[in-house]
Amino acid sequence: MAAAISATLVFAARRRPLFCSLSSSSSSKPNTRKLVLYSKPGCCLCDGLKEKLHAAFSLSSGSDSLNDVTLQVRDITTNPEWERAYQYEIPVLAKENSDGKEEVLPRLSPRLSAELIQKKLLAAFS
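Note that the structure is predicted; figures quoted are calculated from it, not measured. (Residues numbered from 1 in each chain as written. Predicted model: local features only at pLDDT ≥ 70, side-chain atom pairs only at ≥ 80, totals over all residues. Heavy atoms only, no water.)

A. Up close: the pattern of salt bridges. Tallied over the full model, the rule gives 6 salt bridges. Linking Asp68 and Arg33 is a salt bridge whose minimum nitrogen-to-oxygen distance equals 2.7 Å. Taken as a pair, Asp68 in the loop between α1 (44–59) and β4 (69–75) and Arg33 in strand β3 (residues 33–39) lie far apart in primary sequence, 35 residues in all. On the basis of relative accessible area, Arg33 is assigned to the partly exposed category, the value being 22%. With a shortest N-O distance of 3.4 Å, Lys34 and Glu96 are connected by a salt bridge. With Lys34 in strand β3 and Glu96 in strand β5 (residues 92–96), this pair connects stretches of sequence that are 62 residues apart. (Salt bridge = Lys/Arg side-chain N within 4 Å of Asp/Glu carboxyl O. Helix = DSSP H or I, 4+ residues; strand = E, 2+ residues; numbered from the N terminus. Buried < 20%, exposed > 50% of the residue type's maximum accessible area, 1.4 Å probe, protein only.)

B. Local environment of the nonpolar core. Leu35, Leu53, Phe57, Leu71, Leu93, Ile117 and Leu121 are the most contacted members of the largest nonpolar core, which totals 19 residues. Take this core: its biggest share by element is 5 residues, from helix α3 (residues 114–125). With near-sequence residues (within four places) excluded, Leu121 lies in contact with Leu35, Leu53, Phe57, Leu66, Leu93 and Leu105. Counting 9 residues, the second-largest nonpolar core is a separate cluster that includes Val36, Ile76, Tyr86 and Ile90. (Core = buried A, V, L, I, M, F, W, Y, C linked by side-chain atoms within 4.5 Å. Contact = heavy atoms within 4.5 Å.)

C. Fine view of the packing of aromatic side chains. Here the structure, examined in full by the defined rule, presents 2 aromatic pairs. Centroid distance Tyr38 to Trp82: 5.7 Å. Interplanar angle 70 degrees. Geometry classified as edge-to-face. One end of the pair, Tyr38, is in strand β3; the other, Trp82, is in helix α2 (residues 80–86), with 44 residues separating them in the sequence. Considered together, Tyr38 and Trp82 belong to a single accessibility category, that of buried residues. Of note, Arg33 hangs over the ring of Phe125, and the distance from its end group to the ring centre comes to 5.0 Å. (Phe/Tyr/Trp six-rings, centres within 6.5 Å; stacked < 30°, edge-to-face > 60°. Lys NZ or Arg CZ within 6 Å of the ring centre and 35° of its normal.)

Following this line, the structure appears as structure tokens:
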């Protein structure tokens with residue numbers, strides 16, 4: 001299951017979500033913001049969005065910082081509830097609100113630049 005894709009990936013057991021921290025800061029900070037990406041193996045749109053998100057996080061600096069945001073990638077094939085909800089919609093990006101509930105974000109076009117994705121994420125968290 002696990003090919004060495006990136007040093008930032010933390011691999012979990014088959015039935016657990018995959019965590020990917022795209023920031024240089026620790027994900028254990030109390031003020032960490034969280035994004036969830038619903039995906040599945042072999043989804044080229046999902047892989048493309050992951051790459052764009054990584055690029056958007058790399059651009060972050062100063063007031064336009066996404067350094068406290070972590071990304072959790074969830075494989076919908078490991079959870080029947082996720083699969084029913086998102087099988088025809090992936091990739092789906094959601095943010096976790098302060099109350100712990102997820103809010104699905106509007107779909108990001110695959111044609112968006114990393115700069116525009118960064119701006120949209122900053123707006124979603126403001």
